[in-house]
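Observations on chain architecture
Residue strings, one per chain:
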Amino acid sequence: DARRMLFGLIVKHEDGPVTRWIYRPVSRVMTAGLVHLPITPNQVSIFVGLLGLFGCWLTARGDFTGLWLGALLVLVAGFIDGCDGEIARLKLQFSPIGAWLDTIVDEATTTIYLIAIGLHTHHRLPDARWVLPSIAIGTVAYLASVYCIYWFLIVVSKTGNSQHYVGR
């Protein structure tokens, strides 16, 4: 039918196996419900960022309930994260600014979540002197690798799309 054909158009061939087989099936169901609402893809991206930040805050607090709830919220944010691009393609509302907003939210959430896990560990092991330096070193290493990837995408390959390095 026409609906299945339309949703077939939103397939991203650059998706890795985890995204293709775990995240996309869930996000497509969510997108089917969201696409009829008066929301923009950028609003979805901002919501994903706020939900992810709240999950990071819960994770960083140090208690096990916060750890599990925070992880659950970050996971749900990951599922919803696929919806912004799908809605953009279905509503023909894609833009370079929206793509960069999505990318920045993704990278910021990932970075902050890694820091939150480290802070959770620090709260659980306050006498372990290695935790805080490892958070700093891990954060710097992660951000350096992200910088190198985007430097390559922008300077070398002349694109800003984080999907363009796949397969190259």
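Okay, so let's go over this structure. Positions within a chain are numbered from 1, following the residues in the order the chain's sequence is written. Totals for whole chains, interfaces and linings use every residue, but because this is a predicted model, local features are given only for residues with pLDDT of at least 70 and side-chain atom pairs only at 80 or more, for both listing and counting. Side-chain calculation: all heavy atoms of the structure are included, whereas hydrogens and water are not.

Here a helix means four or more residues in a row that DSSP labels H or I, a strand means two or more in a row labelled E, and each is numbered from the N terminus. By this rule, a helix spans an expected 1.5 Å times one less than how many residues it contains. With 29 residues, helix α5 (residues 96-124) should reach 42 Å at 1.5 Å per residue; the first-to-last C-alpha distance of 42 Å fits that figure. Whether a residue is buried, partly exposed or exposed follows from its accessible area with a 1.4 Å probe, protein chains only, as a fraction of its type maximum: under 20%, in between, or over 50%, in that order. All buried positions along α5 are accounted for by Gly98, Asp102, Thr103, Val105, Thr109, Thr111, Tyr113, Ala116, Gly118 and His120. We call two residues contacting when some pair of their heavy atoms lies within 4.5 Å. On its buried face, α5 is in contact with α3 (41-60), α4 (64-91) and α6 (131-156).

What follows concerns the packing of α5 against α6. As a rule, the C-alpha atoms of each element are fitted with a line to give its axis, helices using only the stretch in contact, and angles between N-to-C directions run from 0 to 180 degrees. Remark: α5 packs on α6, axes separated minimally by 9 Å, with the N-to-C direction vectors making an angle of 165°. As the angle between them shows, α5 and α6 are arranged roughly antiparallel. The way α5 lies across α6 gives a crossing that is right-handed. When α5 is examined against α6, the residues Trp100, Thr103, Glu107, Thr110, Thr111, Leu114, Ile115, Gly118, Leu119, Thr121 and His122 are found in contact with a partner set consisting of Val131, Leu132, Ile135, Thr139, Tyr142, Leu143, Val146, Tyr150 and Ile154. In this classification, Asp, Glu, Lys and Arg are treated as charged, Ala, Val, Leu, Ile, Met, Phe, Trp, Tyr, Cys and Pro as nonpolar, and every other residue, Gly included, as polar. The class makeup of the residues in the contact of α5 with α6 is twelve nonpolar, seven polar and one charged. Angle categories are assigned with fixed cut-offs, so that under 35 degrees is roughly parallel, over 145 is roughly antiparallel, 65 to 115 is roughly perpendicular, and the rest are oblique. Crossings are classed by handedness, with left-handed meaning an anticlockwise turn of the near helix from the far one by less than a right angle and right-handed meaning a clockwise turn.

The subject of this paragraph is the pattern of salt bridges. Salt-bridge detection follows one rule: a side-chain nitrogen of Lys or Arg within 4 Å of a carboxyl oxygen of Asp or Glu. According to the stated counting rule, one finds two salt bridges in the structure shown. The partner of Glu86 in a salt bridge is Arg24, and the shortest N-O contact between them spans 3.0 Å. Here Arg24 lies in helix α2 (residues 17-34) and Glu86 lies in helix α4, a separation of 62 residues in the sequence. Relative accessible area serves as the criterion here: at 0%, Glu86 is assigned to the buried category.

Moving on, we get to the packing of α2 against α4. Remark: α2 packs on α4, axes separated minimally by 8 Å, with the N-to-C direction vectors making an angle of 60°. The angle between the axes of α2 and α4 places the two elements in the oblique class. When you trace α2 past α4, the crossing you get is right-handed. Residues Ile22, Tyr23, Arg24, Val26, Ser27, Arg28, Met30, Thr31 and Leu34 of α2 lie in contact with α4, whose contacting residues are Leu75, Gly78, Phe79, Ile80, Gly82, Cys83, Glu86, Ile87, Arg89 and Leu90. Of the residues assigned to the contact of α2 with α4, the class counts are eleven nonpolar, four polar and four charged.

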